[in-house]
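Observations on chain architecture
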Amino acid sequence: RGHTTRGADQALDMPAGAPFEGPFNIEPKRCVTGFWHVACVHDVQLEQRRNYHEIVAAEDREPMTIEVCWSFCKKVSGAQYFGLERGEHCYCTPHYHDDND
């Protein structure tokens, strides 16, 4: 189960992941300005994700919090949601699919 959150504005100096392409990113310059808790879901959509641990070099990683994950994901163009799996694995996505639906 992951903690999925919808797109606070606290900037940490982190690299940005690659933007989402095509239909997942209608307006590349659009950015979200806050976040709120959506639900605890089992997100089975894996193709459209940007993972913090794959983009941020090990020596530059911060201890994971919701704010750290948000600061990373808000720099990924097209990311509308971000999530924490087991409280430590951060990912960004333009959409999610809860297999409990």
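One numbering rule holds for all chains: residues counted from 1, following each sequence as written. Local features are withheld for residues below a pLDDT of 70 in this predicted model, meaning they are given only at 70 or higher, and side-chain atom pairs are given and counted only at 80 or more; totals for whole chains, interfaces and linings count all residues. With hydrogens and water excluded, all non-hydrogen atoms of the structure serve as input to the side-chain values.

1. Observations concerning unusual backbone geometry
For clarity, the cut-off: Where helices and strands are cited, they refer to DSSP runs of H or I of at least four residues and of E of at least two residues respectively, numbered from the N terminus. Per-residue accessibility, obtained with a 1.4 Å probe over protein chains only, is compared with the maximum for each type, and a residue is labelled buried under 20%, exposed over 50%, and partly exposed between these values.
One non-glycine residue, R86, adopts positive backbone phi at about 55°. Residue placement: R86 occurs in the loop between strand 4 (81-85) and strand 5 (89-93). Residue classification places R86 among the exposed residues on the basis of a relative accessible area of 65%.

2. Digging into the state of the cysteines
Here a disulfide denotes a covalent bond joining the sulfur atom of one cysteine to the sulfur atom of another. Filter applied, for reference: Only a pair of cysteine sulfur atoms within 2.5 Å counts as a disulfide in this structure description.
Scanning the model with the defined rule gives 2 disulfides in all. Disulfide pairing is shown between C69 and C90; the S-S distance is 2.1 Å. For the disulfide bridge between C69 and C90, the dihedral angle about the S-S bond is near 85°, and by the sign convention the bridge is right-handed. Residue C69 is located in helix 2 (residues 66-73), and its partner C90 is located in strand 5; the two are separated by 21 residues in the primary sequence. Like C69, the residue C90 is buried in the burial classification. The disulfide partner of C73 is C92, and the gap between their sulfur atoms is 2.0 Å. Across the S-S bond of C73 and C92 the torsion is about -85°, and the bridge reads as left-handed. Here C73, found in helix 2, pairs with C92, found in strand 5; they are 19 residues apart in sequence, far enough to count as distant.

3. Notes on the nonpolar core
Under the convention used in this document: By convention a nonpolar core is built from buried Ala, Val, Leu, Ile, Met, Phe, Trp, Tyr and Cys residues, the set being connected through side-chain atoms within 4.5 Å. It only takes one pair of heavy atoms within 4.5 Å for two residues to be counted as in contact.
Ranked by size, the top nonpolar core spans 15 residues in total, and within it Y52, M64, C69, F72, C73, C90 and C92 carry the most contacts. Elements with a minimum of two residues in this core: helix 2, strand 4 and strand 5. A total of 5 residues in this core trace back to one element, the largest contributor, which is helix 2. Not counting residues within four places of it along the chain, the set of residues in contact with C69 comprises M64, F82, G83, L84, C90 and Y91.

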